[in-house]
Amino acid sequence: MIDFGFDLAGKREPRLVRGIVLSSLGAILEAAPLLVAFAVLDRVFAGEVSSIPLGLLTAVLVGLLVISFAFRSVGSIDNFVATYRLVAATRLRLADHLRRLPMGFFQGRRMGELASVLTDEFALYTEVATHAWGMTVANIALPVALAGVLALADWRLALVALLPVPLAIAALPWSFSRINAASDRLSQHRSALVADLVEFVDGLPTLTAFQATQPFRERIAERSAALSRQQMRAELAPAPTVLGFGLLVHAGFALVLLGGALFMEPLGIAPARFVLVALLTAHFTRTLAELVIFLSAARFAARTLQRTRKLFAEAVQPEGLEAVEGRAEVAFENVRFSYGQVSALNSLTLGFPEGSVTALVGPSGSGKSTLAKLLLRLWDIDAGRIELGGTELSALRLSEVHRHVASIFQDVVLFEESVMDNIRLSHPTASLDAVVAAAKAAGAHTFIENLPEGYDTVLGPGGGRLSGGERQRVAIARALLKNAPILILDEATASVDPDQEHEIQRAIANLMRGRTVVVIAHRLWTVRDVDQIFVLDKGSIVERGTHEELFDAEGLYRRLWDAQQASSNWRLGGSAR
């Protein structure tokens, strides 16, 4: 019935067991004052007030209360520490699990939806796990203890007090189904809003430029209003059962009072015993009625855990065991790959010899970038075989693949860290001298030194302090520092200014030296001197050869070349008439 998801942490937390035991003992000891009250009332009704050892009873009562408080306090601290540690471990395990998923998993999802699970929903889970956990344990242990004391005091009246409890418990599944439905709808509304907000912020420059922010603002306002309404429905979802449960449970107290008043003499129940049972019943029904509130809160967290378990259930890429022992060469044999139902590569066979420079060219959507990402093993192929150094890619450890292959794509990813840390991303233990040497070879050292704090300057999100050309040179320095024998370049100069292109080309030349290089080229003149060119179209290789051979063949490559030469002579005309 209660799922706190501590199995997701992948480890045990000893303090949690101790916290449960101490919280339970502390809750049970809360019944102690009622037992002391029974001893006093028993003497009072017997007319033996003078024989009551008030000092001893007071000392016992204070001692029991102090022990109860100590148990509850230490137990609560243990519960909080343990649950925070387990929740943190779960979040880290989930992040590591997401890291090992194929990129296809992320391609079909809006990042805002994943962000919602990792932030908002995990915050709810943390809140419930850390706060409701100890209260739930206490509110389960105390009613059970009170029920036992009730049975010892008078089992007949105890049965009367417990009579409505099965009916109250029977209503819980219906309440939980309402909570589940409300929680699922709330999660959908929250994920949609977060996704829209992320999309709005990312696209704000474009939306502002086209004066298109208003429709997005209206959509976000609608999403916010819908989320607000659903949050209210979720809050009210358990209300009928909470009220009904409390009503039925408190009915037990009324039945005890009525039954005791009518049958106290026939059943031979002493007045002191009846008062004790009444006090115990009042305490029992109150704590039991409070329990359903914590159970409802825990149920909300359980739905978050189910969604988290779905993420954990996503199959990770199989991890190979072997290391790269052969030459820095790559071979694709009859490789097929699809994005869902859309075919991207069709029985592709090609090779990149060690130390060679190979260009992949072709129209947009022909499969060039897909091929490069398969070499990085960001996805696994549907059929065929990819070999790195003579070993099948899927048999290699992912760390080995990534150690041997470096890449620079058009969209450079920099993080909100120092320039030093962004370059060291490929080699975290690299020395300062090694980082500076890589930056100099990439033509980045001068502008880095001119930053406010040099290599220690913290960049904005996405490297916001740097120009496009500067971001590219930081990426080249990162690849140089990695010193991988195989390099993938996805038109690394496509988005930089012409005045920076020469410097970046020179940095790339330093990077390519002595490596097996795969160049994804859109501007064909940049790959005229490579060792071999593969021309792709609709996921297949339609031509292969050198620039001269392909130019003379007058096929697709020649048509692409001629089209680019014609466009290079294009100029803006006069004003429209």
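Rules behind the numbers
- Residues numbered from 1 in each chain as written.
- Predicted model: local features only at pLDDT ≥ 70, side-chain atom pairs only at ≥ 80, totals over all residues.
- Heavy atoms only, no water.
- Helix = DSSP H or I, 4+ residues; strand = E, 2+ residues; numbered from the N terminus.
- Buried < 20%, exposed > 50% of the residue type's maximum accessible area, 1.4 Å probe, protein only.
- Contact = heavy atoms within 4.5 Å.
- Areas by Shrake-Rupley, 256 points an atom, 1.4 Å probe, with all protein chains shown as cover.
- Lys, Arg positive; Asp, Glu negative; His and termini not counted.
- Charge placed at Lys NZ, Arg CZ, Asp CG, Glu CD.
- Pairing = 2+ DSSP bridges.
- Axes fitted to C-alpha atoms, helices over the stretch in contact; angles between N-to-C directions.
- Patch = residues over 30% accessible without salt bridge, like charges linked within 9 Å, V, L, I, M, F, W, Y side chains within 5 Å.
- Salt bridge = Lys/Arg side-chain N within 4 Å of Asp/Glu carboxyl O.
- Phe/Tyr/Trp six-rings, centres within 6.5 Å; stacked < 30°, edge-to-face > 60°.
- Lys NZ or Arg CZ within 6 Å of the ring centre and 35° of its normal.
- Polar contact = N/O pair within 3.5 Å; in protein donor to acceptor, adjacent residues only side chain to side chain.

Peer 1: Hey, could you run me through the overall build of the protein chain in this one?
Peer 2: When its secondary structure is counted, the protein chain shows 21 helices and 10 strands. Sorting the 577 residues of the protein chain into buried and exposed places 45% on the buried side. Taking as baseline every contact in the protein chain between residues at least 6 positions apart, the subset at least 24 positions apart corresponds to 78%. Carbon and sulfur atoms make up 59% of the accessible area of the protein chain, which totals about 28,900 Å². Across the protein chain, 55 positive and 58 negative side-chain charges occur, with their mean positions spaced 4 Å apart.

Peer 1: Just checking my understanding: could you explain the side chain of His-283 for this structure?
Peer 2: Along the chain, His-283 falls in helix H12 (residues 271-313). Dropping the residues within four chain positions of it, His-283 is found in contact with Glu-30, Leu-34, Leu-142 and Leu-146.

Peer 1: Explain the sheet that holds strand S10 (residues 540-545) here, please?
Peer 2: Paired through their backbone hydrogen bonds, the strands of a sheet run either parallel or antiparallel. Strand order across the open sheet formed by 6 strands is S6-S7-S8-S3-S9-S10, with mixed pairing between neighbours. The open sheet has two free edges, formed respectively by strand S6 (405-408) and S10, since each of these has just one partner strand. With strand direction ignored, the average angle separating the axes of adjacent strands in the sheet is 20 degrees. Note: strand S9 (residues 532-537) against S10, 5 bridges, orientation antiparallel.

Peer 1: Explain the sheet that holds strand S5 (residues 391-392) here, please?
Peer 2: Spatially, 4 strands are ordered S2-S1-S4-S5 in an open sheet, and the strand pairing comes out antiparallel. In this open sheet, the two strands that pair with only one neighbour each are strand S2 (342-352) and S5. Looking at chain direction, strand S1 (residues 330-339) and S2 are connected through 7 bridges and run antiparallel. Bridge assignment links Phe-332 to a residue of S2, and that residue is Leu-350.

Peer 1: How do you make sense of unusual backbone geometry when you look at a structure like this?
Peer 2: For residues besides glycine, phi is generally negative; the peptide bonds are generally trans as well. Notably, Arg-377 is not glycine yet its phi reads approximately 60 degrees, a positive angle. Along the chain, Arg-377 falls in the loop between helix H13 (368-375) and strand S4 (383-388). Relative accessible area serves as the criterion here: at 3%, Arg-377 is assigned to the buried category. One non-glycine residue, Asn-483, adopts positive backbone phi at about 55 degrees.

Peer 1: How should a positive patch on the surface be read in this particular structure?
Peer 2: A contiguous patch of positive charge, built from Arg-178, Arg-185, Arg-229 and Arg-233, is present on the exposed surface. Those elements giving two or more residues to the positive patch turn out to be helix H8 (172-202) and helix H10 (213-236). The residue Arg-233 is located in helix H10 in this model. Classification of Arg-233 as partly exposed rests on a relative accessible area of 47%.

Peer 1: So what exactly am I meant to see when it comes to the pattern of salt bridges here?
Peer 2: Any two side chains of opposite charge can pair if their charged atoms end up close together. Going through the model one piece at a time under the given rule, you end up with 16 salt bridges. Between Arg-156 and Asp-154 there is a salt bridge, with its nearest N and O atoms 2.9 Å apart. Residue classification places Arg-156 among the partly exposed residues on the basis of a relative accessible area of 29%. Note on Asp-154: relative accessible area 7%, which makes it buried.

Peer 1: Would you explain the pairing of strand S3 (residues 357-361) in this entry?
Peer 2: Consecutive side chains of a regular strand alternate in pointing toward one face of the sheet and then the other. In terms of residue burial, S3 counts as a mostly covered element, since 5 of its 5 residues are buried. Covered by surrounding structure in S3 are Val-357, Ala-359 and Val-361 together with Thr-358 and Leu-360, the residues of both alternating faces. Here S3 pairs with S9 via 4 bridges, running parallel. Bridging from a neighbouring strand, Thr-358 pairs with Gln-532 of S9.

Peer 1: I would appreciate a short explanation of the packing of aromatic side chains in the present structure.
Peer 2: Working definition: an aromatic ring pair is given by the centre-to-centre distance plus the angle between the planes. Tallying each qualifying case throughout the model produces 8 aromatic pairs. Between Phe-337 and Trp-379, the aromatic rings sit 5.9 Å apart at their centres with planes inclined by 55 degrees, giving tilted as the arrangement. Remark: Trp-379 occurs in the loop between H13 and S4 and Phe-337 occurs in strand S1; sequence separation between them is 42 residues. The pair Phe-337 / Trp-379 is uniform in exposure class, with both members buried. Between Arg-219 and the ring centre of Phe-216, over which it is positioned, the NZ or CZ distance is 4.8 Å. In this arrangement the basic side chain of Arg-558 is found over the ring face of Phe-551, its NZ or CZ atom lying 3.9 Å from the centre.

Peer 1: Before we go on, may I ask you to explain the side chain of Lys-368 in this structure?
Peer 2: Tracing the sequence through the fold places Lys-368 in helix H13. For the buried Lys-368, which has no salt bridge, the nearest side chain bearing the opposite charge is Asp-490, at an N-O separation of 7.5 Å. Within the local environment of Lys-368, its side chain forms a polar contact with the backbone oxygen of Gly-362, the two atoms lying 3.0 Å apart. Of note is the side chain of Lys-368, whose polar atom sits 3.1 Å from the backbone oxygen of Pro-363. If near-sequence neighbours (up to four positions away) are discounted, Lys-368 is found in contact with Leu-360, Val-361, Gly-362, Pro-363, Ile-520, Ala-521, His-522 and Leu-536.

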